[in-house]
Amino acid sequence: MKPVQADRLRDVVDAVLEALDLGLDGRALAARAMLSPFHFNRLVRAGIGEPPVAFRRRLLLERAAWRLGRGVSVTDAGLEAGYDAIEAFSRAFTRAHGVA
């Protein structure tokens, strides 16, 4: 990857990380990174190997796992990860980490 592309990817990843708790959709994330949704998705997928939505979901679930390990309740971890229902959080967490 060319240095300019690597810098651009870093900017895009930073935009995703900064917006993690804002609940922005793909279009809003793309606008925040000053890219069209098509180019945003293409750049993220090419650079990190997964689409932005999956990247965001993975980061939220990894943070939830970290928080659970520090004593936060399942309800709080699920809500912070953007899940309104504990059942949905539990299914997503089990799929991502292999444990309930």
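For the structure, see preceding data.
Right, let's walk through the structure included here. Computed from a predicted structure; not experimentally measured. (Residues numbered from 1 in each chain as written. Predicted model: local features only at pLDDT ≥ 70, side-chain atom pairs only at ≥ 80, totals over all residues. Heavy atoms only, no water.)

Looking at the nonpolar core
- Of all hydrophobic cores here, the largest spans 25 residues; its most connected members are Val-12, Phe-40, Leu-61, Ala-81, Tyr-83 and Phe-89.
- Secondary structure elements with two or more residues in this core: helix H1 (3–18), helix H2 (26–32), helix H3 (37–48), helix H4 (52–68) and helix H6 (86–97).
- Excluding its chain neighbours within four sequence positions, the residues that come into contact with Leu-61 are Tyr-83, Phe-89, Ala-92, Phe-93, Ala-96 and His-97. (Core = buried A, V, L, I, M, F, W, Y, C linked by side-chain atoms within 4.5 Å. Buried < 20%, exposed > 50% of the residue type's maximum accessible area, 1.4 Å probe, protein only. Helix = DSSP H or I, 4+ residues; strand = E, 2+ residues; numbered from the N terminus. Contact = heavy atoms within 4.5 Å.)

Re H3
- Taking 1.5 Å as the rise per residue, H3 with 12 residues should run 16 Å; its terminal C-alpha atoms sit 16 Å apart, in good agreement.
- For H3, every residue scored as buried is listed here: Phe-40, Leu-43 and Val-44. Looking straight down H3, one finds its buried side chains confined to an arc of 95°; they lie on one side. Residues Phe-38 and Ala-46 are exposed on H3 and point more than 90 degrees away from its buried face. (Expected span 1.5 Å × (residues − 1). Arc of directions from axis to C-beta.)

Re H6
- Here H6 contains 12 residues, and its C-alpha end-to-end distance of 16 Å stays within 8% of the 16 Å for a straight helix at 1.5 Å per residue.
- Within H6, the full set of buried residues consists of Phe-89, Ala-92 and Phe-93. Axial view of H6: buried residues confined to an arc of 100°, hence all on one face. Facing away from the buried surface of H6 by more than 90 degrees, the exposed residues are Glu-87, Arg-91 and Arg-95.
- Buried residues in H6 make contact with H4 and helix H5 (74–80).

Concerning the side chain of Glu-50
- Inspection of the secondary structure puts Glu-50 in the loop between H3 and H4.
- On the basis of relative accessible area, Glu-50 is assigned to the buried category, the value being 15%.
- Within polar-contact distance, the side chain of Glu-50 engages the side chain of Arg-58 at 2.7 Å.
- In this structure, Glu-50 is in contact with Val-44, Arg-45, Phe-55 and Arg-58, ignoring residues within four places of it in sequence. (Polar contact = N/O pair within 3.5 Å; in protein donor to acceptor, adjacent residues only side chain to side chain.)

Details of the packing of H4 against H6
- Close contact between H4 and H6 brings their axes to 10 Å; oriented N to C, the two are set at 95°. Relative to H6, the element H4 lies roughly perpendicular. Between H4 and H6, the residues in contact are Leu-61, Glu-62, Ala-64, Ala-65 and Leu-68 and Phe-89, Ala-92, Phe-93, Ala-96 and His-97, respectively.
- Within the contact of H4 with H6, the residues separate by chemical class into 8 nonpolar, 1 polar and 1 charged. (Axes fitted to C-alpha atoms, helices over the stretch in contact; angles between N-to-C directions. Parallel < 35°, antiparallel > 145°, perpendicular 65-115°, else oblique. Nonpolar A, V, L, I, M, F, W, Y, C, P; charged D, E, K, R; others polar.)

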